[in-house]
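Descriptive structure summary
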Amino acid sequence: LGPTVTVGEILVEIMATTVGRGFLSPQPLVGPFPSGAPAIFIDQVARFGGAAGIVAAVGEDDFGVLNVERLRTDGVDVSAIATVPGKPTGSAFVRYRPDGARDFVFNIAHSAAGETRMTDAARALIGRAGHVHVMGSAFAIPGIAAILLEAVATVKARGGSVSFDPNIRKELVQGGEGRRLVDDVLAVTDLLLPSGDELLVAAGAATEAAAVERLLGLGIGEIVLKRGRDGSSHFSRAFGRVDCPAFAVEEIDPTGAGDCFGAVYLTCRRAGLPPARALLYANAAGARTVTKQGPMEGVSSLAELDDFIAAAGRGVP
Ligand code: ATP
């Protein structure tokens, strides 16, 4: 029907190389790496062979060029990425704690991403899209929620579909505007891609089973729960529950795993593959991502995933 399109933040990530050390004194850093959950997601769709485009805004600076050139090279339609004079491309400084948790210093809301608008180029891209992917993280950026909701309405009206990764900041959804946005998107979601307790938060339920029942009852076609090292599970009325164990890998950098997982799962399903097969490819994509340093450095092509799955001795169902 048309490309997969998303709307949201593009930024660079700069990482501490010493685990456990904060940013209170100078130290060796590595980066900039192209980043932003929507950018990682859409890059992975394109690298995997899906038609893909993004509505976004970057500054007139090297960080913007770095991102746009990476996306263009990987096959993403970059015609709706605006360049905003006088505002920098966003950035995130990341450091890792010894237990694997991450701390961020963000500069996004006041960056060029905060100037994302429904331009003529954005309207044209959305007008030919067959699918919109909504990222909860993008709700935190001024102006983006309205564009996302308009994109969802346009694509639904022409018979397209919607996926939703509720990577929500909890502060945003506890009541008020954030909760309303989540409910508005859930009401039109075909594929929900939560991880951890996002499933319970999105459903307002106390258990996984209750959350799945409530969300499928809303008319959501399928729910795919990302379980990190424990793999993933699909739930739908059509296929019931389908579980897929993770691949055993050494985790170097977890950033981007969920985005790459979702991109590959969605692209497989849009191509007509059954959930069991889509889960296997998506788990492989998530696992490959965590073995690479840098949020977008672990995106995978179909050939790379086929090799990875074969090397792990896992048959494709
Ligand atoms: P993030 O927010 O870091 O992008 P997420 O919380 O949305 O990620 P995860 O569940 O961490 O999503 O990862 C998505 C998928 O990637 C998992 O379902 C799993 O298949 C794979 N994965 C993630 N971490 C690992 C790991 N350490 N080992 C193997 N596979 C992993």
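Quick notes on the rules
Residues numbered from 1 in each chain as written. Predicted model: local features only at pLDDT ≥ 70, side-chain atom pairs only at ≥ 80, totals over all residues. Heavy atoms only, no water. Pairing = 2+ DSSP bridges. Helix = DSSP H or I, 4+ residues; strand = E, 2+ residues; numbered from the N terminus. Contact = heavy atoms within 4.5 Å. Axes fitted to C-alpha atoms, helices over the stretch in contact; angles between N-to-C directions. Buried < 20%, exposed > 50% of the residue type's maximum accessible area, 1.4 Å probe, protein only. Lys, Arg positive; Asp, Glu negative; His and termini not counted. Salt bridge = Lys/Arg side-chain N within 4 Å of Asp/Glu carboxyl O. Near = heavy atom within 4 Å. Polar contact = N/O pair within 3.5 Å; in protein donor to acceptor, adjacent residues only side chain to side chain. Areas by Shrake-Rupley, 256 points an atom, 1.4 Å probe, with all protein chains shown as cover.

1. Describing the sheet that holds strand β8 (residues 131-135)
Within the open sheet, the nine strands sit side by side as β5-β4-β1-β8-β9-β10-β11-β12-β13. Their pairing is mixed. The sheet is open, and its two borders are formed by β5 (81-84) and β13 (240-244), each paired with just one other strand. Of the strand pairs in this sheet, strand β1 (residues 4-7) and β8 are connected by three bridges, and their pairing is parallel. Looking across to β8, one finds that V5 is bridged to V132. The strands touched by helix α2 (residues 62-73) within the sheet are β4 (52-59) and β5, with β4 carrying the most contacts at an inclination of about 170 degrees. Along the sheet, helix α3 (residues 120-127) makes contact with β1 and β4, crossing β4 at roughly 165 degrees.

2. Here's the deal with the side chain of D43
Looking at the secondary structure, you find D43 in helix α1 (residues 37-47). No salt bridge forms around the buried D43; measuring N to O, its nearest opposite-charge neighbour R70 is 5.0 Å away.

3. Looking at the site of the ligand
Inspection of the region around the ligand gives 20 residues, with G228, G231, E251, G258 and N283 positioned closest. Within the side chain of E251, one N or O atom sits 2.8 Å away from a nitrogen atom of the ligand. Here an oxygen atom of the ligand sits 3.4 Å away from a polar atom, N or O, in the main chain of A257. Burial of the ligand by the surrounding chains reaches 84%, relative to a free accessible area of 620 Å². Elements that contribute at least two residues to the shell around the ligand include exactly α9 (257-270) and α10 (275-290). If you tally residues by element for the shell around the ligand, the top one is α10, at four residues.

4. Quick look at the environment of P34
Following the sequence through the fold, P34 ends up in strand β3 (residues 29-35). Overall, the relative accessible area of 3% leaves P34 in the buried class. Through-space distance from the C-alpha of P34 to that of V68 is 8.8 Å; in sequence the pair is 34 residues apart. Those residues within four positions of P34 in sequence are excluded, and the remaining contacts are L11, L66, N67, R70, P295, M296 and E297.

5. Thoughts on the pattern of salt bridges
Using the criterion set out here, one finds 18 salt bridges in the structure. Note that R70 and E297 form a salt bridge whose closest N and O atoms lie 3.1 Å from each other. Taken together, the positions of R70 in helix α2 and E297 in the loop between α10 and α11 (302-311) put the pair 227 residues apart, joining distant regions of the chain. A relative accessible area of 23% places R70 in the partly exposed class. Residue E251 is joined to R229 by a salt bridge in which the shortest nitrogen-to-oxygen separation is 3.8 Å. Note that E251 is positioned in the loop between β13 and α9 and R229 in the loop between β11 (222-226) and β12 (232-236), a separation of 22 residues in sequence.

6. Considering the sheet that holds strand β6 (residues 90-96)
What the four strands build is an open sheet, ordered β3-β2-β6-β7; its pairing is mixed. Since the sheet does not close on itself, it has two edges, and those belong to β3 and β7 (102-107), each with one partner. Across the sheet, the mean angle separating the axes of adjacent strands is 25 degrees when strand polarity is ignored. Judged from the five bridges that link them, strand β2 (residues 11-16) and β3 form a sheet pairing that is antiparallel. In the strand pairing of β3, L11 is matched with S35. The sheet strands contacting α2 are β2 and β3, and the helix crosses β3 at an angle near 55 degrees.

7. Structural notes on the pairing of β2
Of all six residues that make up β2, six are buried, and the element is covered over most of its length. Because side chains alternate across β2, one face comprises the buried residues L11, E13 and M15, and the other comprises V12, I14 and A16, equally buried. Sheet topology note: the β2/β6 ladder contains five bridges and is parallel. Bridge assignment links L11 to a residue of β6, and that residue is G90.

On their own, these measurements won't tell you what the molecule is for.
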